[in-house]
Each structure stands twice: as C-alpha cells, then as structure tokens.
There are 2 protein chains.
Amino acid sequence: MSGNRCEPDGNENQGNGDQGNGDWGAFASAQDAFASLTPLIAPRSVAIIGASDDPTRIGGRPLAYMKARGFRGPIYPVNPKRRTVQELAAFPSIDALPEVPDVAIIAVPAPHVLENVEALGARGTRGVIVLSAGFAEVDAAGAKAQEALAAAARRHGMRLLGPNCLGLFNDRIGFYPTFSSSLETGYPLPGRIGIVSQSGAFGTHIFTIARNRGLGTPLCVTTGNEADVTIGDVIGWLAADPEIDVIVAYAEGINAPRRFLAALEAARAARQPVIMMKVGRSALGAEAARSHTASLAGDDRVMDSVLEASGVLRVRTTEEMLDFAYAATARLYPPRPRLGVITVSGGAGVMISDYAAELGLAMPPLPEEAQAALKALVPFSAPRNPVDCTAQVFNEPALIGRFAEAVAGAGYEALLAFFSQTGGAASIAPHLRAELAPVRRKHPDMLAVLSVIADRELTRAYEAEGFLVFEDPARAVAAIAAMGRLGAAFTAPERAPPPALPPFTRPASLADEKEAKDFLAALGFPVPPGERVWSAAEAVAAARRLGFPLVLKLLSPDLPHKSDIGGVRLGLGDEEAVAAAFDELERRLATHRPEARRAGMLLERMVEGGVECLIGLHYDPVFGPVAAFGLGGIFVELFDDVILHRCPFGIDVAKDMIHKSRGARLLEGARGRPKADIEAFALLLAKVSALGAALGPRLVALDLNPVFALAEGVVIGDALIELRNAQMGQNEG
Amino acid sequence: MSGNRCEPDGNENQGNGDQGNGDWGAFASAQDAFASLTPLIAPRSVAIIGASDDPTRIGGRPLAYMKARGFRGPIYPVNPKRRTVQELAAFPSIDALPEVPDVAIIAVPAPHVLENVEALGARGTRGVIVLSAGFAEVDAAGAKAQEALAAAARRHGMRLLGPNCLGLFNDRIGFYPTFSSSLETGYPLPGRIGIVSQSGAFGTHIFTIARNRGLGTPLCVTTGNEADVTIGDVIGWLAADPEIDVIVAYAEGINAPRRFLAALEAARAARQPVIMMKVGRSALGAEAARSHTASLAGDDRVMDSVLEASGVLRVRTTEEMLDFAYAATARLYPPRPRLGVITVSGGAGVMISDYAAELGLAMPPLPEEAQAALKALVPFSAPRNPVDCTAQVFNEPALIGRFAEAVAGAGYEALLAFFSQTGGAASIAPHLRAELAPVRRKHPDMLAVLSVIADRELTRAYEAEGFLVFEDPARAVAAIAAMGRLGAAFTAPERAPPPALPPFTRPASLADEKEAKDFLAALGFPVPPGERVWSAAEAVAAARRLGFPLVLKLLSPDLPHKSDIGGVRLGLGDEEAVAAAFDELERRLATHRPEARRAGMLLERMVEGGVECLIGLHYDPVFGPVAAFGLGGIFVELFDDVILHRCPFGIDVAKDMIHKSRGARLLEGARGRPKADIEAFALLLAKVSALGAALGPRLVALDLNPVFALAEGVVIGDALIELRNAQMGQNEG
C-alpha cells in the first residue's frame, strides 16, 4: 500500500470529498453566492440587449411585459438600428448607456452573446440573463461557447442566468425578463410562492396551473443550461426573501451540488418549505451502477435520500406540488400532527382513516367525555375519530360549531372536516362559516382543512377565515401529512457529528480481501483474526495460532468475486481439514482461472451466529460518497431493501438507516432471534461513512458483505474495496 | 377421521363453499336477478308513499325533481291528508291507486315502512325504494325491522332498494326518487357514466365532482343498508344497459359476494369497465386474522386480488376514479399499449417516461427512418420517444401534423402529446386543432390524449375531435395505463379449470400434523414417507423401513406450533440418533408442556435441498376460501410477500401467483440456484385451492409451511389444518 497522507476531518461539508472552498466560486460562503443574485432577480435598473420594437419577439416581450406591469426603475433598450424601442429611448451600445444597469437581458443570436457579456462586464454590470439559445443544448461547440460565457462572467464578477432559458419574472417590482407566451393570458396573482425550474416549458406549466388554481406565484426563475446560476442558487436566494413563504422547484439534474445542499439547509433554517419535482427517476447513473450495491440502488435513490435528509418534500406531479405549496401558505407545520376528522359521511371517514394510516398520521380517539357530550347532542353520531356527525347537523347548524369545538378543543394539531357539496350549498354555507370561524379563531395554531366542493368565491371566503380548502379528502390528508413532514424537518434535533477516524495513508489500491481488511483493521474496524498463507504447511501453522473453526479463501487481484468459482471453504474444524481445503482451493484456481495472479489464501477465524448484513459505499456522480445498509444475502437482491445516505454521518443517522430497513426487524429480535448489537453496528456504519468522505473521489466502491451483526459487537466477514487512480479531477466547479 | 362424504366439483361458482343456488334468491340466475332491477331504475310509473307538498322535504324532493325533469310516466302521490301534492292529484292509500305502479318510493317514518311494503306487494308492485332511515344503522331492533322488510319483499317477489339510502336518479327518463340536495345546484349532464354507491353522501360527492368536471352521469344509484339490492345487483343491471359505457362504484363492504362476482363477470363480458373505490383498506378482518397467513395478508388484500382477477380498476381517490371513467368514455382499451409521446418540453418527456416505466407502459423508440425524417424537419428535435419536437413547432404549425403523423403512423396504440398552456393559447390552438384532427381521423383505434391547459370550451373542441384532454401529464399516463389494464382484462384468455380431486370424506377434524398429512396423502398431495411412533424402539424400527436421513417431530393436538418448544429434530443420520432424539423430545414435552395430550411422534424422511415456500388457505368472511403463496421463513414475515387468490383456480392462475411474488426469482434460478419445478409446484397450489373450495365454510385455515420446491417435484414439509365444526350456517343470503 502506498499513497498520500490524509487527515479526515469529518466535516459535513466534505460530502464531495477532496473539494475545497472552490464550490462557492468567487464567494466566501454559500450565503454570499446566493445574495449575489439580487441584481438578477430584484434589480434597480435593466438594459435589454437586442431590444425589439415587436412585442411578440424574444427581444420585445420583456419590454412589453415590463411596461405593462410597471417596472420600478429605468429600462434601457439597446439597439443600434433604432432611436426608440416600444416608445422608450434606445441606446446604440452598452457603452452608450447613461448608467451601469444592475442587470442586462441578452436576446441576440448566440454568436454575439459573448461580446455583449464582456462589454457588460467591462462596464460593471453585476447580472446578465441570457435568453439566447444555441449553446450546450446543441453540440460540443455550443458547450465550449457556453463555457466561455461562464468564464467571462466569473472574470467580471457577474452572475449569469441561462443561456437557453426562458428568463424569470418578479412581479413584485414588475420585472419581466422573459419571453414566455403564457403571460399573454394573464399575469401572476399576488402571493408568497416562488417557482424555480430548469425547464422553461415546465416552469411555465407550473405557473399556468398555479394561476388557474388561484395560487399566487409572484416570482418564477428558469435556469436553462445553468452555465453559472443553478436552481440551488435560486433556492438559496429565495430562502432569504421575507416575502416568499414556499419554494417549488423543478429539476432534471443537480449542478453544483454543495451549493444546492447549502441552499436546502438555508431554506430549512428559515423554515421555508422546498417542494421539488426531480424527474429522471427511472434512469440509473452509469457510474453508480459500477458497484454492486449501487446497481441495486440507482442514482435516483441517492437523490431521494439526500432530499429527505434535507427536509425537502419530493413530489411526483404538478398537482401534488401545488397542493403542498397551497397548504404551506398557511405556515403551520405541526411535527407529527394528530389528526381530528369531522365528517358528514361515514364512508368518507373510513377513506380518510385509510389515507391517514397509510401516510403515518395518527388519529387518536376523542376523549371519552367529549364523545359522550357529542353523542348526547346527536344520538346517531359516531364521535370517536373520525367524528361522524351525520347530515343531521345541517338541520341544526349550531351543532356544527359544537362538533368542531369538541375536536379542536381536544388538542389535535390538525383538523379535517368533510362537508362535500353541502359545504358549498348556498343555503348551508353561511351557517357553516358562522359556526366554524369562531372555532378557527380560538385555535390559531391548529392546521384547519375543509373538504368541500365550493365555487371560487366561497372557497376564498373560507380561506380568508383561516381554512385550507380541498375538494378531494385524500388530497387534503396528503397535504396535512406533508405539513407534518415539514414540521419534523424544521424541528429536527441537530445531528451527531461523524465519528473520528485515526489519521491514515490513502492506499493507491487494495488488491484483495486481505489488503482491504488490513487497511480496515488499521482504522480500528472489526475484522476477524486472519493470516495470508502461501502453502498448506503455512496454513496449518497459522491455524494453530488462530484457533478453530476457520475459513479459507482464495486471494487474487483478478478474482474479486471468489465465490463464483467456489473459492471459499467454511467450517474447517481441524488441521487436516485446513490442509485439505488449501489443496482443493489451489486445484479450483488452477482449473477455473489458471491465468489469475496468485496472492496466496486468507485463513481466518470463522464468525459464528449473527445476522448477515451488508454495508456499502459508492461514489455518486452528483453527491459524492454514499453509504448503503441492508440485510445481506438474497434480501438485497430480491427486495431491494437497501437504505442509502450521503457520507459522512454520525451514529444517530446510522441507527435511523438501520431501523428504516424492512429487514431491520431481524436485528431487533424478530422470530425469536437474539437482539443484535445495533449500537456497535451503527458505529461501524457511521465510521464507514467517515471513510467514504475521506476517500472522496478516489472511491469507486466498497462492499462489506456480509457484515455479521452479533449479539455483542459486529464483525466484517468479507471486504472488497475498489479505488480510482490518485490523480483525479474534481466533480464540481 | 370421520365426516360427511363430499364430491368436489371444481365449479367456479363454488367459491363460497357449501352454498347452493340460494345466492340468486328467487331467481334462476344472476342475470335474472339483475334484470329484476328494471322496475326500480327504469319504471314506467311511480307512486310516492308519504308524498309531501313541501319540495324541500324528504317526501317532497323526489316529486319536485321529477316534475322539473319531466318523468316519462304517471306519478301517483300517496297522502291521505291531501287532495293534491305539488299540484298533482293525490291518493289516500296504495289500494286507491288507479293502476299498479312499477315502483314505489317510500318516505314515511321507519315504523310505517313495513305496512306499506306489504300493501305494495299485495297489489303487485315490483320495486320499492325505501328512503326512510332508522333500521340496521341504528340498533339491533332496527336490524330486525330491516330483515322484516327484506322478507316481505322476497315474499312478494319485489326488489327493495335501501332502507336508509339516498335513492337514485335516472335522468334519461326524468326519474328522481332521491332527496339529495346536490340537485339544487344542477342536474346531471348527459353522458354514459353510471354511478353506484353504498353511501349516499359519497355518491353525491362523486356526482357533484363529476358534474363540475363536465362529466355526464345520467344514472346514479345509492344502496344504503342493502336489505335486498346490493351494489353488485346494480353493477349487473348497468352492465346490460346499452347506454352506459362505464360504471363507477363506491363500496364500504360487499354483501351477496357471488352476485357481486357475477356482476363483475357480466361487466367484463360486456366490455364495460368497472372502476371501484373500496374503503376500509387499513382494517383487518377479525375472522381472517385467525390464520397465520391471513394475519399477514388481511382482508383488504383478498379484496384487491378478487378485484384484480375480475378486471376491476380499483382506485383510491375520487379524482383517479373520474380520470379513469373519463378516459374510458373513449371506449378504446388497447391491451398492453405501446405509448408514443410528443412533447414541447424535454423535461415533461422525462417525467412522462418515468411514469410510463413505473406503470409498466412500454415506450419503444420511433423507427430509425421516422426519426431521421423528423430530425430533417427540426434539426434540434430529439425524435426518439419521447419525441421532443421543441417549441419550434409553434412557429411553423404544419410541423405539428408531421410529428403527430410520424408517431401515429408508427403504430403506437396510445399517443400522448404535451403542449401545456401553449395548447390552450388562442393564437396557437386553432393551428394545433387543424393539424391534429386529420391525424386523429386517420388512426381511429389509437388512444389519443393531449396534455394541454385549456378552458372548458377549447377542451370540449379537442374532445369533439376525438382527443382526451388532461392538464397533468402524470394523470394522463395513469389513465392510459388503466385503459391498457382494462384491455388486458377484456381480452384475457379463458382460465384453466381447477384440477379435479378424488372423492374424499370431509374429516371432522385433523388433530395433528400426521392426521393432516395422511389426509393430504390420500388426496394425492406429495408428503414425505413417515410413521407415527410411540416409543424409541418403535422409532428405530420405523427408521429401518424409512431410510436416512430422518426428521422427528412431536405430535399433540395441543401443540400446533411444535417448534416453539424445540419439538423438531432434523438430520437424524442413524438409529442411535433417532433413539436419542425420541428421548430428548419426550423430555422437552414433559418439561415445557406437561399437560399437552400425547399423540406420539412423527418420524419422517428428511427433505433435502429445494426452496422453502408456503402455501396457505384461509376462509375469508366475504369471499370464502382464499389461497396464499409465498416464500417461507422470514420472507413472509419481513416483506409481506404473499400472493392471494380466491379458491378454486387452475394451474395457470397458480403459475401467475408464483411469478407475481417478488421472491419467485429464487424459484426461477436466481443466484445460481437450480430452477425449481414450477409446474409441479403450481399444480399443488391449484389442488390446494380446489381443496379449499371443497372444504368451504368448514375451513378455518390450512398452513403448508414449508413446502419444498425441488428441482424435480415438490414436497410438503409441514402441514397444519384447522377445521370448524360441521354444522355451520352459510354466509350469504
């Protein structure tokens, strides 16, 4: 073994391994990087390079929209061929502008973009929005041109949005650097939801559906090719915006992952929900597929685990995205809410209970006295929880308030009331509102949701009184559960730091199981006593030192999966058996893999008992080292029961991973087995994660399979570590 | 063993065991029973018992609605206190009616319902709709009163809907025997969707949401307490209605399960989709939980398996229900459709691909030549599949037709085109329609779906041209996949009959493993050679006859789970070991369960190799005997990997069950194992299902666990059969 010396520091920010502060680019911190977007999103002045007099052209629409919405600042059209553009004075060049604009919109053909970026940079403009297409999305030459744009922006200390993006809008200041035709049919409504999308078309899709639903999205940023500004940057900027309460994000891939993670952390710290759709769920990353564990797990599971750990609500449809965003505008995030349900239909109550059970929402019964009181009011009611108040309440509306107060007063953190179309009926709705509003006011911290079918006006009236309104009770339950998940994320205890590893020398390679185990043993990881032996005689001598029973395994750098040729002999009980096993394995190797390089054999004490598990590491192309836990053997293969987490992490996360796995019940003593030493196992898992972080991009894959979870302690049964050559680039600019 | 002689006939209709034709009540067949609903749903004349002059009262609303919608036939209000009711001539009594009405609506207090049912029956009325509440939903006395209603109806040969139901409407003939207030805000739209719901409130909820979505539901039946008419009856009636294309159903429980199953079969034969929400997913049936297998499976899985086998689309939300119903109105059900996707957003294409992959929809690429042709049209397009035609097409609308024709012409059975809000833009939609309509006409058998955000008028225009329209692409994909599932159900090959069992005598009980295995052996099921032994000497003598290796197990009717006290000794290699094992087990029994009745021990040849599986039977309180298949051991416990099917079934269904289980890969030769003899295993599973059907309600539970799936053949390792006393009632009236 040889390599460069390394002091793993267990720093959470070491997620991407070897990378330093370069992640923040020219900025001292992620926060500084996010704040630098202000000229792009909320400028005081704007220039339009390639401004057009035709309000339907790419260079014309931004101006038309900004005029229509009254941008609060000077607009400088730049067009050498015209004196005015859409009735505003035009300027022949960037140099001719009377002041340095905070931001410039570039809408000229691709070959002319760079010269304009340079000119803007030279004048000191701090942001450019490149609407022009024809860059990395086209071909390699386009990618090169794009890199030149990014380099120019970096050199001038500017932030650059795009190219090949639909731009953005910030309706609060009438800023519309976008050519989206969706604005023809209406501008965004006022509200507190921010949209960020890599795809212009999908961002517009979200915005249009939101507007049709009556949801206010005053801010929408599309990032296109992300030469510089990423969705992470925008999330980070929005997280600090006091007028935004919820961020909805659409992504196809994650660039600058450490800024992305820092942005999610900033949003969580600000108690600002991030609701994200990340497509490409069915694609497996080619790099990740190289390791056995990863081939079972796939890229998208890494994404899932990262988003979950960051408190992001990952959604699969625009509908779910906007349901959750709508619910989040109530700004009530009760962690692990207990749900109280009032219903006028027993069936709806059952359906709601089904959903609540499925989503892990507790629905404890109403206290006995409260039940008895309601039963006295309506004899045929079933006031347990769901509280079926029956349609009787519509004959005597005062009962509705009594039922609602009984549930709210019992301290449920969330209330769902199913009134269906009756709640929208002109004859009943006014009574309902009069009864419910005082209850709502009395319990302002309770998340209060109505399932009613009402027209928009009545819906707004319920909302004004502090209720969320969903037609579909199932969608209401899902939204309540999502708010609970946000609450849990916002109030999560601080995580334990990853365990410290002793200083170690990074090996250039670890050719076989014995080298891998020696490396692990030096780090203090539990491996069985064992020796490399080259002959039957050496094996017998070693056996005397090691004690019985023993295991003998073939070693060869060319044979990572030795059991494929039966290269392992278990349960060797005496010296004779050891000698015979040596001879047999030698014959096997000679028969099946005569060309394989010889590295002797590993004679080891056999581990007895315990539950076979696996611990793995692989290097995710986006998020760097990722650890995996699962039961060993056929479980992982047949049931994909593998839990992933980005490295490094502490023992608390490791325990969560273990308990999250379905197979964990075996470790917890299912089927009369002895309870495994989960403490020791979790410590090993956390240490492996620290090792993953320390190895960084050098890591290809590490497979500890099996790891024996014993009643006391833990032992690594087999180890395979694959490393990349030492000289490697970094994966994040 | 003793019992009554039985000739299992393998008749599919024996699903509920011992029951005879009583299931069809007074009718010769299920079809006759369904047809007898015609006077209820489509009568030529109607009487209203308890008719009210007040159009907002329960006895007033039906008349008001029928007058408003012009019921096509005479309406006879019955009210002894009035000459007219809502301007119609009233009659003082049923006897005073000028003719026998086809149907009568009863809206009098509960205590007076029976006398009216009797009077109507005496006059020869063939249907009654009881809106009155106060029966089984209240208490035991109410249940008794309800049974009296049902008995009276049976005696008079009438069908009775309700009591405690919201009635129904059949807008096609203006028939409105309902007091639903939802009609105040609008009558149903014309269309071809029928609704049936046990819950009045939830039925109204579905109807109201459907109407708000613009879906036509001219028929809606609520069944309430189901004293006689069940949702199965209504489904059976609707299946024969040529003006209904789709049935949506809401259920809380299934009464008269054989009529229900016959109705589903009738709907499938008529290619009429049944889309059903069954709530109570999280509740476990108490009866079913008695068997080990069932306690893992639960009632709702039985429901799932029955609905799936019947070709029903089970849904979880009203939204999904109405999405599928809407899609089904196109009456295109391509089995296993290949999906071609056109998109103006690459991201939407990825998202659609994710969904298609998840739902098992194939998206094969466009043929190479077609791709090349499209690439020539739009150089930046990505025309594989999804076919990303880019927003470029909006600049040159003729391209849209070329792209659509390229995909449609390639023979995809389903087409999904994502145009988002652009497809709803006034400037673009006319071009889009002009381009798409000819393609649609040229390929009438292709399911054609647009994902556009358009107002209702434009949506209707697209629909009139033969397109389905969904805003959300994910919901569009789900609907397309659902239509494919319907197509597969409608074209499913006829199933093989269950295997015949030899005639056998039903045992009164099977006290222990040996009795169970002798019973199974007599039916030709594969059990290992074995003998009951009472002493170590007998055991040794038996061992000589059986050969080695052997297994010895404690037998006692008080010890069904003998391994709990270590009552099994495996791998006995010689006579000495057998004798020692006998003594040891005897000591164990004396120590741990001294009170247990002695029944000797079972000495058996040990089964070597193979994969441990389980086959189970339990008696579902609704659907009767149900068979279960799964891998044995911890799999079933940790992963719930158990596949259920109602008994009996043939070998083809048995093979489907095996392959559906996730653990099946072990039988198929995963991880280098020898392939198991799936043919033999499936035959045993099918035979067990035939046994389940033959045992009928006598069955409590049967557990064969493990069953060894060998490379050749199959052997039952352990058997436990629990039977009920012979004298049992039937579970279906």
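The structure presented is a predicted model; accordingly, all values stated were derived computationally and were not measured.

## Concerning the packing of helix α23 (residues 651-660) of chain B against helix α25 (residues 678-695) of chain B
All names here are of chain B.
Here comes step 1: One can describe the packing of α23 onto α25 by two numbers: an axis separation of 8 Å at closest approach and a directional angle of 115°. The pairing of α23 with α25 is recorded here as roughly perpendicular in orientation. Judged by the sense of rotation from one axis to the other, the crossing of α23 with α25 is right-handed. Two secondary-structure elements touch here, α23 through Ile651, Ala654, Lys655, Met657 and Ile658 and α25 through Ile678, Phe681, Ala682, Leu683, Leu685 and Ala686.
Here comes step 2: A per-class count over the contact of α23 with α25 returns 10 nonpolar, no polar and one charged.

## Quick word on the interface of chain B and chain A
By convention, interface size is frequently given as the accessible area that disappears when the constituent parts associate.
Here comes step 1: Contact with chain B, which involves 53 residues of that partner, is made by 53 residues of chain A.
Here comes step 2: Looking at the side of chain B that touches chain A, the elements that each hand over two or more residues are α6 (200-213), α11 (318-328), α12 (346-358), α22 (634-639) and α24 (664-667) of chain B.

## Digging into the sheet that holds strand β6 (residues 103-106) of chain B
Residues and elements named next belong to chain B.
Here comes step 1: Judged by pairing direction, the sheet is parallel, and its five strands sit side by side in the order β3-β2-β6-β7-β8 without closing on themselves. Each having just a single partner strand, β3 (75-78) and β8 (159-161) make up the two edges of the open sheet. Mean inter-strand twist for the sheet, computed between neighbouring axes without regard to direction, equals 20°.
Here comes step 2: Examined bridge by bridge, strand β2 (residues 46-49) and β3 share four bridges and lie parallel to one another. Bridging across to β3, isoleucine 49 finds its partner in valine 78.

## Here's the deal with the relation of the copies chain B and chain A
In summary, the two copies of the chain are related to each other by a rotation about an axis coupled with a shift along it.
Here comes step 1: The operation relating chain B to chain A is a screw motion whose rotation component is 180°, with 0.0 Å of axial translation and a residual RMSD of 0.1 Å. On the angle and the small slide along the axis, the relation comes out as a two-fold axis.
Here comes step 2: Comparing interface residues between copies, 100% of those in chain B also lie at the interface in chain A; the contact surface is shared.

## Notes on the nonpolar core
Here comes step 1: By size, the foremost hydrophobic cluster in this structure holds 452 residues, and its most contacted members are Ile235, Leu416 and Ile480 of chain A together with Ile235, Leu416 and Ile480 of chain B.
Here comes step 2: Filtering out sequence-adjacent residues up to four positions away, isoleucine 480 of chain A remains in contact with Pro337, Leu339, Leu361, Ala414, Leu416, Leu447 and Val449 of chain A.

## Quick look at the domain arrangement of chain A
Here comes step 1: Per the domain assignment, the segments of chain A are domain 1 (339-490), domain 2 (529-605) and domain 3 (611-723).
Here comes step 2: Here the C-alpha centre of domain 3 of chain A lies 44 Å away from the C-alpha centre of domain 1 of chain A.

## Focus: unusual backbone geometry
Here comes step 1: Of note, the bond from glycine 162 of chain A into proline 163 of chain A is cis; its omega dihedral lies within 30 degrees of zero at -5°.
Here comes step 2: You can see proline 163 of chain A is positioned in the loop between β8 (159-161) and β9 (168-170).
Here comes step 3: In this structure, glutamate 87 of chain B is a non-glycine residue whose phi angle is positive, near 75°.
Here comes step 4: Its place among the elements puts glutamate 87 of chain B in the loop between β4 (84-85) and β5 (88-89).
Here comes step 5: Among the residues examined, glutamate 87 of chain B registers 9 C-beta atoms within 10 Å and is labelled exposed.

## Quick word on the environment of leucine 88 of chain B
Residue and element names in this part refer to chain B.
Here comes step 1: Relative to the assigned elements, leucine 88 resides in strand β5.
Here comes step 2: Note on leucine 88: 17 C-beta atoms within 10 Å, which makes it partly exposed.
Here comes step 3: Separated by 25 residues in sequence, leucine 88 and leucine 63 have C-alpha atoms that sit 9.3 Å apart.
Here comes step 4: Beyond its immediate sequence surroundings of up to four residues, leucine 88 is in contact with Ile75 and Pro77.

Conventions adopted
Residues numbered from 1 in each chain as written. Chains lettered and ligands numbered in written order. Predicted model: local features only at pLDDT ≥ 70, side-chain atom pairs only at ≥ 80, totals over all residues. Axes fitted to C-alpha atoms, helices over the stretch in contact; angles between N-to-C directions. Helix = DSSP H or I, 4+ residues; strand = E, 2+ residues; numbered from the N terminus. Parallel < 35°, antiparallel > 145°, perpendicular 65-115°, else oblique. Left-handed = near helix turned anticlockwise from the far one by under 90°. Contact = placed C-beta atoms within 7 Å. Nonpolar A, V, L, I, M, F, W, Y, C, P; charged D, E, K, R; others polar. Pairing = 2+ DSSP bridges. Least-squares fit on C-alpha atoms with pLDDT ≥ 70 in both. Core = buried A, V, L, I, M, F, W, Y, C linked by C-beta atoms within 7 Å. Buried ≥ 20, exposed ≤ 12 C-beta atoms within 10 Å, placed from the backbone. Domains from an automatic or database assignment.

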